[in-house]
Amino acid sequence: MNRLLQELSSNPLWFYLFIVNLYLFCLMGYDKRKAKKKQWRVPESNLLFVGLIGGGLGGLLAQKAFHHKTRKRKFLICFLLGIVTDGVLLYFFH
């Protein structure tokens, strides 16, 4: 755990990727809870955008954990593209 914290604090890119993935994971959980209560939801465009800017892994993990947005192909595609974004960022900036 100390190594993870040390790496995150020393490298802004790792910190960004950790935060954006954690944020999307939590946002998907929040949206699922709101869906069950039939309340106001997070716009799909927000979830897709965060997935594209690097939160793809968090989105895919959230889909599995919360069984949320699993039937919508555009979420799978955006989350996979977000993982590619992560890879590109790590390749060029790490």
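In this text, all values refer to a predicted model and were calculated from it rather than measured experimentally.

*Asks:* Lay out the packing of aromatic side chains with the relevant residues and their values.
*Replies:* Given two aromatic rings, one states the distance between the centres and the angle between the planes to describe the pair. For the coordinates displayed, the defined rule picks out 3 aromatic pairs. When the ring of Phe25 is compared with that of Phe66, the centres are 5.0 Å apart and the planes differ by 45 degrees; the resulting orientation is tilted. Of this pair, Phe25 sits in helix α2 (residues 12–36) while Phe66 sits in helix α3 (residues 44–66), and the two are 41 residues apart along the sequence. When its relative accessible area of 26% is taken as the criterion, Phe25 is described as partly exposed. Residue classification places Phe66 among the partly exposed positions, given a relative accessible area of 26%. Between Tyr91 and Phe92 the ring centres are 4.9 Å apart and the planes differ by 90 degrees, which places this aromatic pair in the edge-to-face class.

*Asks:* Can you tell me about the pattern of salt bridges, naming the residues and giving the values?
*Replies:* Throughout the structure, instances matching the rule amount to 4 salt bridges. The shortest N-O distance in the salt bridge between Arg41 and Asp31 comes to 3.0 Å. Here Arg41, found in the loop between α2 and α3, pairs with Asp31, found in helix α2; they are 10 residues apart in sequence, far enough to count as distant. Glu44 is the partner of Lys74 in a salt bridge, and the nearest nitrogen-oxygen pair spans 2.9 Å. One end of the pair, Lys74, is in helix α4 (residues 73–93); the other, Glu44, is in helix α3, with 30 residues separating them in the sequence. By relative accessible area, which is 41% here, Lys74 ends up partly exposed. Ionic contacts of the salt-bridge type, sharing partners, join the residues Glu44, Lys69, Lys72 and Lys74 into one network.

*Asks:* A description of the confidence of the model for the chain should follow, citing residues and the corresponding values.
*Replies:* Residues with a pLDDT of 70 or more make up 99% of the chain, whose mean pLDDT is 92. Of all helices and strands in the chain, the one with the weakest mean pLDDT is helix α1 (residues 2–10) (76), whereas α3 scores best (96).

*Asks:* Break down the nonpolar core for me, with residues and values.
*Replies:* In terms of nonpolar packing, the biggest core is built from 13 residues, with Leu24, Met28, Leu47, Phe75 and Phe79 touching the most fellow members. At the level of secondary structure, the elements contributing two or more residues to this core comprise α2, α3 and α4. Among the elements that take part in this core, α3 stands out by supplying 5 residues, more than any other. Leaving out residues up to four positions away in the same chain, Phe75 has contacts with Glu44, Leu47, Leu48, Gln63 and Lys69.

Calculation criteria
Residues numbered from 1 in each chain as written. Predicted model: local features only at pLDDT ≥ 70, side-chain atom pairs only at ≥ 80, totals over all residues. Heavy atoms only, no water. Phe/Tyr/Trp six-rings, centres within 6.5 Å; stacked < 30°, edge-to-face > 60°. Helix = DSSP H or I, 4+ residues; strand = E, 2+ residues; numbered from the N terminus. Buried < 20%, exposed > 50% of the residue type's maximum accessible area, 1.4 Å probe, protein only. Salt bridge = Lys/Arg side-chain N within 4 Å of Asp/Glu carboxyl O. pLDDT = per-residue confidence, 0-100. Core = buried A, V, L, I, M, F, W, Y, C linked by side-chain atoms within 4.5 Å. Contact = heavy atoms within 4.5 Å.

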